[in-house]
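As a plain string of letters, each chain reads:
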Protein chains: 2
Amino acid sequence: MAVGDLSMPVMHPVNGVRIGITEAYIRYKNRRDLVVFELADGAETAAVFTTNAFCAAPVQVARQNLAAAKTRYLVINTGNANAGTGPTGMASALRSCAALGELANVPAEAVLPFSTGVIGEQLPIAKLEAGLPGALAALQADNWPAAATGIMTTDTLPKGASEQFTVDGVTYTLTGISKGAGMIRPNMATMLGFVATDVAVERGFLQELLREVTEQSFNRVTIDGDTSTNDACVLVATGKAGNTPLTSRSGALYEAFSAALSRVFLRLAQLIVRDGEGATKFITVKVEEGGNTQECCDVAYAVAHSPLIKTAFFASDPNWGRILAAIGRSGVPGLDVSKINVYLDDVCICENGGAAASYREELGAAVMKQPEITIRIVLGRGQASDTVWTCDFSYDYVKINADYRS
Amino acid sequence: MAVGDLSMPVMHPVNGVRIGITEAYIRYKNRRDLVVFELADGAETAAVFTTNAFCAAPVQVARQNLAAAKTRYLVINTGNANAGTGPTGMASALRSCAALGELANVPAEAVLPFSTGVIGEQLPIAKLEAGLPGALAALQADNWPAAATGIMTTDTLPKGASEQFTVDGVTYTLTGISKGAGMIRPNMATMLGFVATDVAVERGFLQELLREVTEQSFNRVTIDGDTSTNDACVLVATGKAGNTPLTSRSGALYEAFSAALSRVFLRLAQLIVRDGEGATKFITVKVEEGGNTQECCDVAYAVAHSPLIKTAFFASDPNWGRILAAIGRSGVPGLDVSKINVYLDDVCICENGGAAASYREELGAAVMKQPEITIRIVLGRGQASDTVWTCDFSYDYVKINADYRS
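Every value quoted in this text rests on a predicted model; they were computed, and no experiment measured them. (Residues numbered from 1 in each chain as written. Chains lettered and ligands numbered in written order. Predicted model: local features only at pLDDT ≥ 70, side-chain atom pairs only at ≥ 80, totals over all residues. Heavy atoms only, no water.)

### Description of the environment of Glu 372 of chain A
Residue and element names in this part refer to chain A.
Move 1: The topology assignment puts Glu 372 in strand S14 (residues 372–378).
Move 2: On the basis of relative accessible area, Glu 372 is assigned to the partly exposed category, the value being 34%.
Move 3: Apart from the residues lying within four places of it in its own chain, the contact partners of Glu 372 are Val 3, Gly 4, Arg 274, Phe 282 and Asp 345.
Move 4: A polar contact is formed between the side chain of Glu 372 and the side chain of Arg 274, at a distance of 2.5 Å. (Helix = DSSP H or I, 4+ residues; strand = E, 2+ residues; numbered from the N terminus. Buried < 20%, exposed > 50% of the residue type's maximum accessible area, 1.4 Å probe, protein only. Contact = heavy atoms within 4.5 Å. Polar contact = N/O pair within 3.5 Å; in protein donor to acceptor, adjacent residues only side chain to side chain.)

Here is the structure:
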């Protein structure tokens, strides 16, 4: 059950990007499970990947290829993560690039591979290869919604965001998709995210912007605290809009592009939480007046990962004792609990580390009934603040993860 | 549903300890919820407490009183944790000591208070006070099983362990109880543990032994990763056996006592996991060949806290991909996944970071069907090893924590 509005917006095509999608029978039948992105010659590509030491074969290959050549194609399969698959898995990831490169007449290094799905089973590379001609034959600029569907695993809905903005009479486009619903505690990126723009951006600057925007979006959401082996996020700048490539943080185009980038990434990241496995609540954990970003995040994640808090939210129980307990175990050095205030939306539930004088149970209960709730924690230690987004923990989370071999 | 044998053994009384239990109506009706321990004059008491910054009022008072005077009484209520209760809660904890001190004719500082139950509600101190005379009137040496029942919260069964051992013709006794089933990731001690012996032990050495044995027992179990605000564990040495007080690690009595201490503490700690909220599996996570204790524990806890692994165990699914993913995100610097082997009991599921050549799904499935399973992770980095005990994550965990205001 997804929380809030997850409807797919109008997905504006990005000049210089075509997408093909086909049924390759990787794991499931009757669904298109193989997606190919074609990027125009001259497009710049930036990417961030999981920090999990057990990173999947395609993550390793994508990282290498990104450094070795200009990227012309992305190939993405769902149903199999090609992780924990050893040398055979690595050969399969390399083979997927070589096969697509041969068909498309580009070097293997110009292809970045991505896989998502079950960990620890060999990728059926012959099936993937057999699907490539069909994916290439299906290349179209307006296939973004189909691609969003094609990369889903336990997602209940496809996820997309798209904006157009006009600077000096020129209209620019930024469009992206993401996927993920479990094993979500991105550390570099989400399970998978693909975003493209026709704005021309110099490659190093593109990578810098991607790192920055990822940090405040995909790297601030968690569903179950389990960082995936396959997290990857790609940002492509085709340059087809014809502007002088952006190289620094100045000018009206940079401002407009940067703002759109933040909104699109945040939307794509939050969509993952809204569609979190079994989620019935969308929870914003905001920590204010911390000494630094690290301690704000430590507190926010202690709260966002607490099974006791997540089950209390599922039950709409304003159990602030569990919130205090999680703050207390977050490891912030010298935490003075007598300075801490906690709010559920606008309702102050804790004041100076104890029950707020004005608090009555029915005020908390009213907030908890809503599907979207903000926990605001004011530490009274400094000027830093940070925000993490998460969801609750329901019967369905257990059901999904006990039943689905993911 | 508890896992394995949790039956209460013969609980040998400890000379110098009497226990009274009564119904004080703190939160529930028709159950005895107030327990008083009386310790003989001359008994030495050691204690360890939660590291949670939001530690409860009784924890703060117990810590102070332990430093200020020789302990003669412990007073324990269930149903209310007296945590997050501010100055009023602190006054209540102090009042409980003063009231018992007056009745028993000892200084207030000779009383250590302990509370467990709901966080964030004021302790009904008048009810507690009213119950004290009844508890004192009920003091008996053989009340250990009743006390184990009296301190329960979401526990389904009382928890006790007891041993007698003979050295040079003298029989010594070690008996203890523990409680806890949720908000369990002790960091110093469990929710509550009370252990007593008639062995004479010098106080400083007693504290040293308690810290050491706690580190390898209560500090190695986790149910949901949520460190409680009220964790406390007490070890009393009454000295009634008449031996020359132990002061160092030598002699036959030290050897026998130390071995019994390890067994009793490990049993009390493991009982908590076996009775973990909603638990259907008892899981031992053993990490070997680590570079040091810290990285062994980091890997073990990443696995023990992963909701994806815990739900897979609930489903009896040998999903080793999730185990690899958790190891990979554990933050061990420079982890070389190609050196890692993973076993479920004796079945090697992963070899050199990939599927073991000899592995077949039915071998893993056979292990997973058992109620007690060991995950053994061999890192191939060094000589250190460590072990953590945990349980699975079931529908009932969600049910219990969504329904119970704890």
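### Looking at the layout of surface pockets
Move 1: The computed volume of the second largest pocket comes to approximately 330 Å³.
Move 2: Lining the second largest pocket are 21 residues, and of these Val 337 of chain A together with Ala 53, Phe 54, Cys 55 and Gln 60 of chain B lie nearest its centre.
Move 3: Tallied by class, residues from the lining of the second largest pocket come to 9 nonpolar, 11 polar and 1 charged. (1 Å grid on protein atoms, 1.4 Å probe; cavity = no way out; pocket = protein on both sides within 12 Å on 5 of 7 lines; lining within 4 Å. Points joined across faces, edges and corners; volume = space filled by probe spheres on them. Nonpolar A, V, L, I, M, F, W, Y, C, P; charged D, E, K, R; others polar.)

### Here we look at the interface of chain B and chain A
Move 1: Taken together, the 50 residues of chain B in the interface contact 49 residues of chain A.
Move 2: Of the roughly 4,100 Å² buried where chain B meets chain A, counting both sides, 61% is carbon and sulfur surface.
Move 3: Counting across the chain B and chain A interface gives 0 salt bridges.
Move 4: Seen at the junction of chain B and chain A, the total is 4 residue pairs in polar contact (both at pLDDT 80 or more).
Move 5: Counting residues per element, the ones that place at least two in the side of chain B that touches chain A are helix H8 (307–314), helix H9 (320–328), strand S13 (354–355) and helix H11 (395–403) of chain B.
Move 6: The element contributing the most residues to the side of chain B that touches chain A is H9 of chain B, with 7 residues. (Buried area = accessible area lost by both parts, 1.4 Å probe. Salt bridge = Lys/Arg side-chain N within 4 Å of Asp/Glu carboxyl O.)

### Regarding the domain arrangement of chain A
Residues and elements named next belong to chain A.
Move 1: Structurally, chain A comprises domain 1 (17–274) and domain 2 (282–403).
Move 2: A straight line from the C-alpha centre of domain 1 to that of domain 2 covers 33 Å.
Move 3: Each partner contributes to the interface: domain 1 provides 14 residues, whereas domain 2 provides 16 residues.
Move 4: When residues of domain 1 are sorted by the area they lose upon contact with domain 2, Arg 220, Thr 222 and Arg 274 head the list and together hold 43% of the total.
Move 5: Taken together, domain 1 and domain 2 are joined by 1 salt bridge.
Move 6: Ionic pairing is found between Arg 274 and Glu 372, a salt bridge with its closest N-O pair at 2.5 Å.
Move 7: Where domain 1 touches domain 2, the interface holds 1 residue pair in polar contact (both at pLDDT 80 or more). (Domains from an automatic or database assignment.)

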